[in-house]
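# Coordinates in review
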Amino acid sequence: FENNSAVGTSGSSYGGAIYNASGRPAIQNNLITGNTAVSGAGIYVSGGGPTIQNNTIVGNTASMGGGIYNSSGGVAIRNNIIANNSAANYYGYGGGIYSIAVPMVDYNNLWNNTPGNYGGTGGSGPHDVRSDPSFVNAAAGDLLANSPCIDAGDPLNHPQSDIEGNPRPMRLGVDMGAYEYRGLGLVKTAPEAVLPGAAFSYHLEVVNLEESVVSQV
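Residues numbered from 1 in each chain as written. Predicted model: local features only at pLDDT ≥ 70, side-chain atom pairs only at ≥ 80, totals over all residues. Heavy atoms only, no water.

As a further point, take the overall build of the chain. Of the regular secondary structure elements, the chain holds 0 helices and 20 strands. Here the chain holds 217 residues, and 48% of them are scored as buried. Of the contacts formed within the chain by residues at least 6 apart in sequence, a portion of 63% connects residues at least 24 apart. (Helix = DSSP H or I, 4+ residues; strand = E, 2+ residues; numbered from the N terminus. Buried < 20%, exposed > 50% of the residue type's maximum accessible area, 1.4 Å probe, protein only. Contact = heavy atoms within 4.5 Å.)

All right, on to the environment of Ile-32 then. Tracing the backbone shows Ile-32 in strand 4 (residues 31-33). The sequence separation of Ile-32 and Ala-140 amounts to 108 residues, and the corresponding C-alpha distance is 9.5 Å. With residues up to four places along the chain from it excluded, the contact list for Ile-32 reads Ala-6, Ala-17, Ile-18, Gly-42, Ile-43, Thr-56, Ile-57, Val-58 and Asn-60.

A word on the sheet that holds strand 13 (residues 97-99). Pairing is parallel in the open sheet, where 5 strands are placed in the order 2-5-9-13-16. Looking at strand neighbours, the two that pair on one side only are strand 2 (18-20) and strand 16 (118-120), the edges of this open sheet. Put simply, the sheet's adjacent strands are angled 10° from each other on average, direction ignored. Where strand 9 (residues 68-70) lies against strand 13, 3 bridges are found, and the strand directions are parallel. Paired with Asn-70 across the strands is Ser-99, a residue of strand 13. (Pairing = 2+ DSSP bridges. Axes fitted to C-alpha atoms, helices over the stretch in contact; angles between N-to-C directions.)

Right, let's talk about the side chain of Asn-166 for a bit. With respect to the helices, strands and loops of the structure, Asn-166 is situated in the loop between strand 18 (142-143) and strand 19 (184-189). Take Asn-166: its relative accessible area is 15%, and that puts it in the buried class. Only 3.5 Å separates the side chain of Asn-166 from the side chain of Glu-164, close enough to count as a polar contact. Ignoring anything within four residues of it in the chain, the contact list for Asn-166 reads Gln-160, Ser-161 and Arg-182. (Polar contact = N/O pair within 3.5 Å; in protein donor to acceptor, adjacent residues only side chain to side chain.)

If you want it as structure tokens, here you go:
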């Protein structure tokens, strides 16, 4: 399940946007916002071992696990922006991620989830960020140039492109979330192979990848 927008859907009980019961799918490059459910308004995992990566999960509401509810081991949660979600009503567990099994969590930005970013077992990963993602528009998931999510994703584990088909990474490192920030990019030109001791040329060109004029570079 990838390169989708799940906006404003409602699950009667589990998984407002996505429900995973088995298998090991890649759930990646999705914009998941404004969804509701009793548990797991963004993503609900009851079984299997999915990889949940490079999603933007924003503004979802459930009783448990506003962003993600996980009850299965072997789940990898990385490179996601999980912000402004809430676990409401009398449960109030894990506005960002609620888990009753221990997932592999790292390289995520969890911010401003109510009543907390994490709930249940597990917790934050060593490379997690807890800062305002700095969206241009939170509902659209696109990032400002000063976002802490830029170049902050897992350098070894990520999709090769973003939700719009732009390559990852575009800059020094891969970004968190569904959208790769474009801004100024580098085009690198080098020979495919060089003999030992031989000289070669390596060309770097800075390119404006935005749809508007960039000044004061």
